[in-house]
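Chain residues, written in single-letter form:
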Amino acid sequence: MSLLIRNLINLDREQSFSEQSLLMAGQKLKQALLPILGLLGFLLMWSIAANNVTTSLGKFPGPGAVITQFDNLYQEHVSERDKELAFYERQHKRNADRIAKDPNYVPKVRAYTGKETFLDQILTSLKTVLSGFILAAIIAIPLGIAIGLSHTLNQAINPIIQVFKPVSPLAWLPLVTMLVSALYVSDDPFFSKSFVNSLITVTLCCVWPMVINTSVGVASINQDWVNVSQVLRLPALTHVRKIVLPASIPAIFTGMRMSLGIAWMVLIAAEMLAQNPGLGKFVWDEFQNGSSQSLSRIMAAVIVIGLIGFLLDRAMLQLQRWLSWDKASAKR
Amino acid sequence: MTTILDISKIDMVFPTPKGDFTALKEVDLKIKKGEFISLIGHSGCGKSTVLNVVAGLHQATNGAVLLNNKEVNEPGPERAVVFQNHSLLPWLTAYQNVELAVKQVFSKTMSAKEMQDWIEHNLTLVHMEHAMHKRPDEISGGMKQRVGIARALSMQPEILLLDEPFGALDALTRAHMQDSLMEIQDELSNTVIMITHDVDEAVLLSDRIVMMTNGPAATIGEILDVDLPRPRDRLALANDPRYNELRSEVLTFLYEKQRKIEVIAPSEPVKKEADESKSAVA
């Protein structure tokens with residue numbers, strides 16, 4: 001390790017003397033090497049620390065145990081799918097047999113009710129966070145534009161936003177749950193209640209940063225562009241479409257990226273708290289389960305949650321790069 | 001020639017927390033069709049305020065602006081403005097920036113093909129045909145200002161308002177742009193009001209130079225007729241006695257009659273104070 005570090009320092013020193021091309025190559029090597037070194041160092045410290053901590057559920061999982069669990073979780077998923085397939089085959093065969101005996105028999109088709117696997121939970125969480133996020137954008141962006149354009153509206157609504165913004169959406173969760181049970185009554189609901197609960201919680205936490213960023217972006221639009229619009233006598237709607245919306249795209253995206261990050265964190269907590277299906281429920285169930293494998297399975301979930309959060313942020317950044325004219329604001 | 005624009009005794013008063021601030025007092029000017037007018041004066045004298053009132057972006061407190069004998073109170077494309085900082089929309093290409101204006105002004109009277117030709121014609125007029133489909137951040141400052149001028153011209157304005165159009169450009173680009181503007185002016189003979197700080201630019205381009213007194217309560221000090229024959233050539237004029245006479249008249253107005261008294265910052269006492277605080281620390 002120390003030899004490596006010494007080599008790196010030497011590399012730094014030599015750069016000032018070497019040729020330009022060598023310097024570039026060194027830079028590239030450094031760029032590729034440093035994250036790997038960081039990761040290796042982290043794994044090393046993790047396994048040393050894990051070895052020295054013993055909990056009531058056994059040793060704290062090190063990297064090796066977690067990797068084994070990833071494989072286990074995948075195998076469980078595959079075997080669950082096989083069971084499901086087998087169940088439908090049996091049901092189909094049974095129905096076919098009964099129809100053969102009695103042509104008047106109306107076959108009953110029952111859905112498979114096996115437990116959700118890790119991969120299913122990931123998909124559920126992703127669907128929930130994206131639906132909540134999109135719903136929030138549909139509400140927040142027009143509202144933000146209206147508030148940004150109208151000083152009167154801003155003065156009327158701003159106090160409400162400022163009070164509700166710092167409220168953790170988890171505090172809303174009991175109210176949301178009760179309201180959904182009271183109001184979302186249907187014999188054959190298109191969405192399950194737990195999905196609606198999580199969705200509204202995600203929406204509640206996404207709305208505020210988006211409204212605030214959009215309205216600030218709209219309100220601080222370059223006066224020259226407003227003047228251009230006035231000289232051209234653009235009608236109000238064209239003004240919003242051609243000037244205001246493109247001008248505030250960078251601010252809108254800043255708000256969207258912020259709120260997607262928050263939404264992902266909040267969703268996991270909401271799923272844990274409300275026992276709504278998803279990654280949060282997986283973590284909670286494993287914790288309650290308390291087997292010798294639970295901790296390593298939770299650790300695997302933690303890593304997946306982190307990776308998905310990272311990928312969501314990258315995806316937003318990529319979207320911003322495609323849609324925004326201001327490339328400088330989409331660099332990091 | 002008939003009067004197209006009548007700036008009739010306008011006052012401009014801005015309310016401030018410390019009381020009213022009179023920026024303009026009885027600014028009175030009649031402009032004939034096809035005339036090129038320069039407004040010159042020290043910074044802060046209210047040149048831009050005059051232009052904004054004519055553009056309709058500000059409302060005069062007293063007096064009125066009459067365009068073809070009709071009072072104007074709001075902005076409109078018949079008084080096109082070229083702003084100092086080009087003010088192109090950065091998310092649109094040069095072509096699309098002009099298109100926005102053309103669609104707004106001519107969508108009822110022109111076919112799609114006619115509009116396309118008209119946009120391209122205006123961009124060609126300012127020598128931007130090679131970079132029509134580039135965005136503002138891909139072209140130089142001078143080119144942006146050319147597109148800004150093309151956008152204003154494409155509205156076929158009754159009067160063209162230029163707010164220090166070349167102020168942000170380097171000297172060589174500025175000279176280029178002035179020549180281009182003269183060329184366009186020979187062809188179209190628009191009525192133009194241009195704000196400038198640059199004495200040479202004013203003398204070279206204008207039919208009349210309107211010199212403004214210092215604010216507050218700025219007004220028109222003198223009006224100078226520039227009787228140099230057109231087309232004008234900057235190299236030939238450099239040694240022209242009449243050109244130099246006019247130039248020195250403007251300079252005399254600006255630097256003798258309306259010498260701007262700069263508030264000189266009390267640099268020495270501040271320094272002393274700093275020294276004292278240093279010794280106090282020591």
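For chain B, the name recorded in an unreviewed UniProt entry is ABC transporter ATP-binding protein, with Thalassotalea litorea as its organism. What UniProt records for chain B under Subcellular location (unreviewed entry) is the sentence "Cell membrane". Database annotation for chain B, UniProt heading Sequence similarities (unreviewed entry): "Belongs to the ABC transporter superfamily."

As annotated in an unreviewed UniProt entry, chain A carries the name ABC transporter permease and comes from Thalassotalea litorea. UniProt, in its Subcellular location (unreviewed entry) section for chain A, records the words "Cell membrane". According to UniProt, the comment filed for chain A under the heading Sequence similarities (unreviewed entry) is "Belongs to the binding-protein-dependent transport system permease family."

1. Overview of the interface of chain B and chain A
Many authors give the size of an interface as the accessible area that is lost as the parts come together. Contacts between the two partners involve 16 residues from chain B, matched on the other side by twelve residues from chain A. Of all the secondary-structure elements, those providing two or more residues to the side of chain B that touches chain A are β6 (79–82) and α2 (94–106) of chain B. By residue number, the principal contributor to the side of chain B that touches chain A is α2(B), which donates three residues. Residue classes in the side of chain B that touches chain A are distributed as twelve nonpolar, four polar and no charged.

2. Quick word on helix α2 (residues 20–51) of chain A
Residues and elements named next belong to chain A. In this model, α2 (32 residues) spans 46 Å end to end at C-alpha, consistent with the 46 Å of a helix rising 1.5 Å per residue. Where α2 bends most, the angle comes to about 25°, and this point is Leu 33, followed within four residues by the proline Pro 35. Within α2, only one of the 32 residues are buried, leaving the element largely exposed.

3. A word on the environment of Ser79(A)
Residue and element names in this part refer to chain A. Inspection of the secondary structure puts Ser 79 in helix α3 (residues 63–101). Classification of Ser 79 as exposed rests on a count of 11 C-beta atoms within 10 Å. For the pair Ser 79 and Thr 117, spaced 38 residues apart in the sequence, the C-alpha separation amounts to 9.8 Å.

4. Section: the UniProt feature "domain: ABC transporter" (unreviewed entry) in chain B
Within this structure's numbering, the places UniProt gives as "domain: ABC transporter" (unreviewed entry) are residues 7–239 of chain B. Helix makes up 34% of residues 7–239 of chain B and strand 27%, whereas the separation of the span's terminal C-alpha atoms amounts to 36 Å.

5. Some words on the sheet that holds strand β5 (residues 70–71) of chain B
Residues and elements named next belong to chain B. Strand order across the open sheet formed by four strands is β2-β1-β4-β5, with antiparallel pairing between neighbours. Every other strand in the sheet has two partners, leaving β2 (19–32) and β5 as the edge strands with one partner each. Examined bridge by bridge, strand β4 (residues 62–67) and β5 share two bridges and lie antiparallel to one another. Bridged to Leu 66 within β5 is Glu 71.

What counts as what
- Residues numbered from 1 in each chain as written.
- Chains lettered and ligands numbered in written order.
- Predicted model: local features only at pLDDT ≥ 70, side-chain atom pairs only at ≥ 80, totals over all residues.
- UniProt positions renumbered as here; feature names shortened; annotations may be inferred.
- Contact = placed C-beta atoms within 7 Å.
- Helix = DSSP H or I, 4+ residues; strand = E, 2+ residues; numbered from the N terminus.
- Nonpolar A, V, L, I, M, F, W, Y, C, P; charged D, E, K, R; others polar.
- Expected span 1.5 Å × (residues − 1).
- Bend = angle between axes of the 7 residues up to and from the residue.
- Buried ≥ 20, exposed ≤ 12 C-beta atoms within 10 Å, placed from the backbone.
- Pairing = 2+ DSSP bridges.

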